[in-house]
Each structure stands twice: as C-alpha cells, then as structure tokens.
Amino acid sequence: MNVTGYAERMVRSDYAVLELALSVIGDCYKELLQKLDKQIKELKQFWIKMGVKSDMIHVDNRTDIRISDLEYGSDKKQNKYSIQQAIFVTMDDLDMAPAVQNKTAIFMKKGFVFSEQSLKFFYSKGFEVQKELTKEALKDGEKTAREHAEVLGLRIEKTPFYIGNTDLSTAQTYDHPFPFHRSWEGGGSTDIENKFSVAVNMSYAIK
C-alpha cells in the first residue's frame with residue numbers, strides 16, 4: 001500500500017537581512033573610492049544608532065567597477081567610472097527591520113544612490129524543523145495506511161518497507177507562494193511568517 005505522509009507548521013523567521021548596493025559614478029577613481037568609503041561609514045553610524053549591532057553590518061570587499069568613456073550606442077561622453085559595493089545589514093529584531101529599511105531611504109535625499117535594495121526574512125533552524133516535521137509526516141502516513149487497510153478488513157505491517165526522501169518545502173503566506181531558501185544569495189522571504197511542510201512517500205505491506 002502506497003501512501004503519503006504530510007506535516008506542516010507555520011514558522012516565524014528569526015532574523016532579517018537588509019541588502020543594499022551603494023553606487024557612485026564619476027571620472028576620478030580615487031575620489032570615488034573616498035566618497036564610497038565616507039558614505040559607508042555614515043550609513044554604519046546611522047544603523048548603529050538605530051540599534052543594529054556593529055558586527056552585523058557586512059560590507060562586501062568585492063567592489064563592482066565598471067569603466068566606460070561613452071554611453072552605450074552613442075558618441076556622447078558619460079562618467080568614466082561606476083563603482084558599486086554591496087552591504088548586508090543583519091537584524092534579529094524583526095520589528096525594527098522595516099523601520100531601518102524605510103529610514104535608510106532618507107539618505108537618497110543626501111545624494112546616496114542605492115542601485116539595489118531589498119529586505120528579506122530568514123529562519124536559521126530549518127533543519128531542526130525538517131526533522132520534527134518528518135517524524136510527524138511518518139506518523140501521518142502510518143495512520144493513513146492503517147485507516148485504508150481497516151476499510152478493506154486488513155492490517156498493515158508495523159513498519160513500512162519503503163520510505164522516500166524528505167524535502168523541506170516552504171512557501172510564503174501570500175496568494176502566490178514561492179520557495180523559501182535559507183541562503184544569502186537570492187534567498188529569503190519577504191514575509192515574516194512562512195508555512196514549512198514535509199511530504200514523505202511510504203509503502204506498507206498488508207496482511
């Protein structure tokens with residue numbers, strides 16, 4: 001008898017990451033690096049005053065540098081250098097995170113340019129949840145197999161002879177959910193609470 005055990009749980013994220021790409025453009029490379037460094041220091045001071053821990057502010061040392069004398073497809077001269085630097089601000093106070101994001105946007109009035117900006121929520125104990133939900137899914141599958149067998153006047157063996165692989169699936173609570181990945185690049189969720197679920201394919205011998 002083939003059955004699928006299923007278990008799900010609503011989980012609240014335990015930390016948030018504000019990701020920014022700070023950009024500067026101009027013709028003097030040295031001056032641009034100094035400007036970028038000054039702006040990063042100003043942002044750090046601002047975030048620390050808001051309550052962000054200093055060791056939770058990470059500036060990517062892989063600076064993205066683009067060099068161009070002319071605008072694409074034309075003979076018009078443009079700024080020679082475009083430099084971008086990624087900044088990651090991690091916060092364990094989820095209620096504070098949206099305020100940090102909104103107030104950081106005020107720096108655009110000061111001439112700061114954020115070519116990218118996003119706030120995402122993460123959960124650090126996904127593997128623990130997967131183990132717990134897997135146990136629940138196995139019990140659910142056993143219950144389903146037992147109930148189906150009883151309808152036929154039969155019984156199942158105590159243990160399944162086949163258990164498939166288990167994967168942790170997570171979706172936002174929006175109308176159009178998408179997978180939630182516990183990673184720094186392209187992962188996270190824009191919703192604080194997400195539905196974690198596990199489905200296990202199982203096979204029982206009947207007697």
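Scroll up to find the structure.
A few points on the structure. (Residues numbered from 1 in each chain as written. Predicted model: local features only at pLDDT ≥ 70, side-chain atom pairs only at ≥ 80, totals over all residues. Heavy atoms only, no water.)

Re helix H2 (residues 97-104)
For H2, the set of buried residues is Ala 97, Val 100 and Thr 104. Seen end-on, H2 carries its buried residues on one side only, within an arc spanning 65°. (Buried < 20%, exposed > 50% of the residue type's maximum accessible area, 1.4 Å probe, protein only. Helix = DSSP H or I, 4+ residues; strand = E, 2+ residues; numbered from the N terminus. Arc of directions from axis to C-beta.)

Observations regarding the nonpolar core
Among the nonpolar cores identified, the biggest contains 26 residues, and Leu 22, Leu 43, Trp 47, Val 52, Ile 87, Val 89 and Met 91 are the most heavily contacted of them. Elements with a contribution of two residues or more to this core: strand E2 (15-26), helix H1 (29-49), strand E5 (81-91), H2 and strand E6 (113-122). If near-sequence neighbours (up to four positions away) are discounted, Trp 47 is found in contact with Leu 20, Val 52, Ile 57, Ile 87, Val 89, Val 100 and Thr 104. One finds Tyr 123, Val 129, Ala 145 and Val 200 within the second-largest nonpolar core, a separate group that totals 16 residues. (Core = buried A, V, L, I, M, F, W, Y, C linked by side-chain atoms within 4.5 Å. Contact = heavy atoms within 4.5 Å.)

Topic: the packing of aromatic side chains
What the rule picks out here adds up to five aromatic pairs. Centre to centre, the rings of Phe 46 and Phe 107 are 5.0 Å apart; their planes meet at 75°, and the pair counts as edge-to-face. Taken as a pair, Phe 46 in helix H1 and Phe 107 in the loop between H2 and E6 lie far apart in primary sequence, 61 residues in all. On the accessibility criterion, Phe 46 (22% relative accessible area) is partly exposed. Where Phe 107 meets Phe 112, the ring centres are 5.1 Å apart and the plane angle is 55°; that geometry is what we call tilted. A single burial state applies to Phe 107 and to Phe 112, both of which are buried. (Phe/Tyr/Trp six-rings, centres within 6.5 Å; stacked < 30°, edge-to-face > 60°.)

Some remarks on the pattern of salt bridges
Any two side chains of opposite charge can pair if their charged atoms end up close together. The full count for this structure, using the stated rule, is 10 salt bridges. Linking Glu 42 and Lys 110 is a salt bridge whose minimum nitrogen-to-oxygen distance equals 3.4 Å. With Glu 42 in helix H1 and Lys 110 in the loop between H2 and E6, the pair connects residues that are 68 residues apart, well separated along the chain. Under the relative-accessibility criterion, Glu 42 is labelled partly exposed at 28%. You can call Lys 110 exposed: its relative accessible area is 53%. For Glu 142, the salt bridge is made with Arg 146, and the minimal N-O distance between the two is 2.6 Å. On the criterion of helical spacing, the pair formed by Glu 142 and Arg 146 is a turn pair, its members being four residues apart in helix H3 (residues 126-151). Note on Glu 142: relative accessible area 26%, which makes it partly exposed. Arg 146 sits in the partly exposed class, given a relative accessible area of 36%. (Salt bridge = Lys/Arg side-chain N within 4 Å of Asp/Glu carboxyl O.)

The quantities given are spatial measurements derived from coordinates; they are silent on function.
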